[in-house]
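Chain by chain, the residues run as shown.
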Amino acid sequence: ALNTILYFVLGIFYTIVFCIVLKFFNRKEKEEVRTTTFWLISVFLIKIAAGFIYGYLYSHYYTTSDSWDYFNDSLIEYNNLFHQPAAFFSIGTDKGSLTQLFSTANNAFWNNAGCNMVIKFFAILDVFSFGNYYVSCILFNIFSFVGLYLIYETTTLQLKKNRCII
């Protein structure tokens, strides 16, 4: 029960810190960008809630989920980071597979490079979430939200400048 409370406090802390950062960066609300800080924070909180609901549903009612599989694999890499750093930084390569670097086999390096990088990224997030799925969900949503926000801002500015869509 104490761990649950600590994870809850940590999740609230990360959420509040990012909302403050959002408010700071959106402080210069230019007239070209119509998004207010209230809407940004609201959408961010909805995005986190959707991640929590997804995580809960797939951990209790469904048998398989990519995000839970990646998270469970990231816990292994998280432990490797602290106990076997060479294994963590090897990115799934070993001496036997180096000769087949560009193979299309299921266990080949390039065939799994995308999954391996996502798992390594989640393992780094696990350092800050202490291995909790829901706190990691908040941290991951921070990165994905910033990317979506920047795409939105760029698109809004370009559409206003060009006045036509080609």
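The preceding data block contains the structure.
Undergrad: Run through the overall build of the protein chain, naming residues and quoting values.
TA: Looking only at helices and strands, one finds six helices and zero strands in the protein chain. For the protein chain, the succession of helices and strands along the chain, N to C, is α-α-α-α-α-α. Within the protein chain, the proportion of its 166 residues that are buried is 31%. The long-range fraction of contacts in the protein chain, counting pairs at least 24 apart against all pairs at least 6 apart in sequence, stands at 66%.

Undergrad: With reference to specific residues and values, describe the nonpolar core.
TA: Core analysis: the largest hydrophobic core is formed by 17 residues, its most contacted members being Tyr-14, Phe-18, Leu-22, Phe-44, Ile-142 and Phe-145. Those elements that provide at least two residues to this core are α1 (2–25), α2 (37–60), α5 (113–129) and α6 (133–162). Excluding anything up to four places from it in sequence, Tyr-14 contacts Phe-128, Val-135, Ile-138, Leu-139 and Ile-142.

Undergrad: Kindly report on unusual backbone geometry, identifying the contributing residues and their values.
TA: Even without glycine at this site, Phe-130 takes up a positive phi of about 55 degrees. Assignment of secondary structure puts Phe-130 in the loop between α5 and α6.

Undergrad: Quick one: what's the story with helix α3 (residues 66–83), residue by residue and with numbers?
TA: Taking 1.5 Å per residue as the helical rise, α3 with its 18 residues ought to reach 26 Å, and the 26 Å between its terminal C-alpha atoms agrees with that figure. Those residues of α3 lying buried are Trp-68, Phe-71, Ser-74, Glu-77, Tyr-78 and Asn-80.

Undergrad: Give me the pattern of salt bridges: which residues, what numbers.
TA: Going through the model one piece at a time under the given rule, you end up with one salt bridge. Across the salt bridge formed by Glu-77 and Lys-120, the nearest N and O atoms sit 2.5 Å from each other. On the criterion of sequence distance, the pair formed by Glu-77 in helix α3 and Lys-120 in helix α5 is long-range, its members being 43 residues apart. The residues Glu-77 and Lys-120 share a single accessibility class, namely buried.

Undergrad: Would you mind going over α2 in detail, with residue names and values included?
TA: Its 24 residues give α2 an end-to-end C-alpha distance of 35 Å, which sits within 8% of 34 Å, the value for a rise of 1.5 Å per residue. Taken as a whole, α2 has its buried residues at Thr-37, Leu-40, Ile-41, Ser-42, Phe-44, Ile-48, Gly-51 and Gly-55.

Undergrad: With reference to specific residues and values, describe the side chain of Ser-129.
TA: Looking at where Ser-129 falls in the secondary structure, it is placed in helix α5. A residue is classified by how much of its surface remains accessible, and Ser-129, at 0% relative accessible area, is buried. Setting aside its immediate chain neighbours within four residues, Ser-129 contacts Tyr-7, Leu-10, Val-135, Ser-136 and Leu-139.

Undergrad: Can you break down the packing of aromatic side chains residue by residue, with the values?
TA: In this description, a pair of aromatic rings is defined by centroid distance and the angle of the planes. Scanning the model with the defined rule gives 21 aromatic pairs in all. Ring centres 6.4 Å apart and planes at 55 degrees place the aromatic pair Tyr-70 and Phe-122 in the tilted group. Taken together, the residues span a long stretch of sequence, with Tyr-70 in helix α3 and Phe-122 in helix α5 at a distance of 52 residues. By relative accessible area, Tyr-70 is classed as partly exposed at 24%.

Parameters at a glance
- Residues numbered from 1 in each chain as written.
- Predicted model: local features only at pLDDT ≥ 70, side-chain atom pairs only at ≥ 80, totals over all residues.
- Heavy atoms only, no water.
- Helix = DSSP H or I, 4+ residues; strand = E, 2+ residues; numbered from the N terminus.
- Buried < 20%, exposed > 50% of the residue type's maximum accessible area, 1.4 Å probe, protein only.
- Contact = heavy atoms within 4.5 Å.
- Core = buried A, V, L, I, M, F, W, Y, C linked by side-chain atoms within 4.5 Å.
- Expected span 1.5 Å × (residues − 1).
- Salt bridge = Lys/Arg side-chain N within 4 Å of Asp/Glu carboxyl O.
- Phe/Tyr/Trp six-rings, centres within 6.5 Å; stacked < 30°, edge-to-face > 60°.

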